[in-house]
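Chain by chain, the residues run as shown.
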Amino acid sequence: ACGLCAAGDTIIINGGTTTYRMVEFLVDKRLKILTNSFLMAERLLMSSENEIILPGGKVYREQNVILSPFDNDISQHHYAGKMFMGVYGLSMLGLMEADPLLIQAEKRLISQAEELIVLADSSKFARKAGLILCGLNRVSCVITDTGASDAAVQMLEQSGVKVLAVAPEAMAAPLSPAEQAWQEQ
């Protein structure tokens, strides 16, 4: 995912355990990053020279996102060529979420990006949820692991979604205790 970013790009990254793994690979990039993840913003501020933009609002601890109850928060004034996001699940219906609060936060961010790139390990194809975030027609690319079934890949490709399957790698950097607790949720 980080290889799709070039110096000077403006990107959006939603909060989540999958997208959080991008942080260590963004350290050497020089990007403008809008994120609703407090942990991601904090880590990037401490370890990189990227410009970090946070929407205003309340920090929701369980979801680890910053969300404004107002329609006219700072995110509506930012444009990004790419948005990177994780999801609860993927199906023929589109991107699925289990938490209505996350739907609200993510819809706002999605509308500000030209290209939507989803990071989803192969287990996400089997997960169903009661809420649809958006249809597959909004998704440009799904980055998944090589464990994704042929049927899942074909479903995405038939919907016009580019699929990048990569072999899983060992974790490069250990997580802090706070990050580990968040990852386990």
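This text follows the structure it describes.
Described in the following lines is the structure provided in the data block. (Residues numbered from 1 in each chain as written. Predicted model: local features only at pLDDT ≥ 70, side-chain atom pairs only at ≥ 80, totals over all residues. Heavy atoms only, no water.)

## A look at the overall build of the protein chain
Moving on, step 1. The secondary structure content of the protein chain amounts to six helices and twelve strands.
Moving on, step 2. Here the protein chain holds 185 residues, and 49% of them are scored as buried.
Moving on, step 3. Sequence separation of at least 24 residues holds for 56% of the intrachain contacts in the protein chain that already meet a minimum separation of 6.
Moving on, step 4. Accessible surface, the protein chain as shown: approximately 9,300 Å² in total, 54% of it carbon and sulfur. (Helix = DSSP H or I, 4+ residues; strand = E, 2+ residues; numbered from the N terminus. Buried < 20%, exposed > 50% of the residue type's maximum accessible area, 1.4 Å probe, protein only. Contact = heavy atoms within 4.5 Å. Areas by Shrake-Rupley, 256 points an atom, 1.4 Å probe, with all protein chains shown as cover.)

## Quick notes on the sheet that holds strand β12 (residues 162-166)
Moving on, step 1. The strand order across the open sheet formed by seven strands is β3-β2-β1-β6-β9-β11-β12, and the pairing between neighbours is parallel. Edge strands, defined here as strands with exactly one partner in the open sheet, are β3 (51-53) and β12. Adjacent strand axes in the sheet meet at a mean angle of 20°, parallel and antiparallel pairs treated alike.
Moving on, step 2. With three bridges joining them, strand β9 (residues 113-119) and strand β11 (residues 141-145) adopt parallel strand pairing. Note that in β11 the partner of Leu119 across the bridge is Ile143. (Pairing = 2+ DSSP bridges. Axes fitted to C-alpha atoms, helices over the stretch in contact; angles between N-to-C directions.)

## Considerations on the pattern of salt bridges
Side chains carrying opposite charge are able to pair once their charged atoms draw close together.
Moving on, step 1. According to the stated counting rule, one finds two salt bridges in the structure shown.
Moving on, step 2. The partner of Glu49 in a salt bridge is Arg30, and the shortest N-O contact between them spans 2.5 Å. With Glu49 in the loop between α3 (38-47) and β3 and Arg30 in the loop between α2 (23-26) and β2 (32-35), the pair connects residues that are 19 residues apart, well separated along the chain.
Moving on, step 3. Judged by its relative accessible area of 60%, Glu49 falls in the exposed class. (Salt bridge = Lys/Arg side-chain N within 4 Å of Asp/Glu carboxyl O.)

## Some thoughts on the pairing of β9
Moving on, step 1. Along β9, five of the seven residues are buried, which leaves the element largely enclosed by surrounding structure.
Moving on, step 2. Here strand β6 (residues 80-86) runs beside β9; their pairing, made up of six bridges, is parallel. Looking at β9, one finds that Gly86 is bridged to Leu119.

## Remarks on the environment of Ala152
Moving on, step 1. Looking at where Ala152 falls in the secondary structure, it is placed in helix α5 (residues 150-158).
Moving on, step 2. C-alpha separation for the pair Ala152 and Met92, spaced 60 residues apart in sequence, amounts to 9.0 Å.

## Overview of the packing of aromatic side chains
Moving on, step 1. Counting across every chain of the model gives zero aromatic pairs.
Moving on, step 2. Here the guanidinium or amino end of Arg127 rests over the ring plane of Tyr88, the centre of that ring lying 3.9 Å away. (Phe/Tyr/Trp six-rings, centres within 6.5 Å; stacked < 30°, edge-to-face > 60°. Lys NZ or Arg CZ within 6 Å of the ring centre and 35° of its normal.)

## Regarding α5
Moving on, step 1. When we look at burial in α5, the residues that qualify are Ala152, Val153, Met155 and Leu156. Taken end-on, α5 shows its buried residues confined to a sector of 160°, consistent with a single buried face. Opposite its buried face, α5 presents the exposed residues Asp150, Ala151 and Gln158, each directed more than 90 degrees away.
Moving on, step 2. Elements that come into contact with the buried residues of α5 comprise β7 (89-91), β11 and β12.
Moving on, step 3. The positive-phi residue at the C-terminal boundary of α5 is Gly160, with phi of around 85°. (Arc of directions from axis to C-beta.)

## Quick notes on the sheet that holds β7
The strands making up a sheet associate through hydrogen bonds between their backbones, and the pairing can be parallel or antiparallel.
Moving on, step 1. An order of β7-β8-β10 is seen for the three strands of this open sheet, with the pairing classed as antiparallel. On the outer flanks of this sheet lie β7 and β10 (131-134), each paired with one strand and no other. This sheet shows a mean twist of 40° between the axes of neighbouring strands, independent of strand direction.
Moving on, step 2. The pairing of strand β8 (residues 94-97) with β10 spans three bridges and is classified as antiparallel. Across the sheet, the residue bridging to Met96 is Ile132, located in β10.

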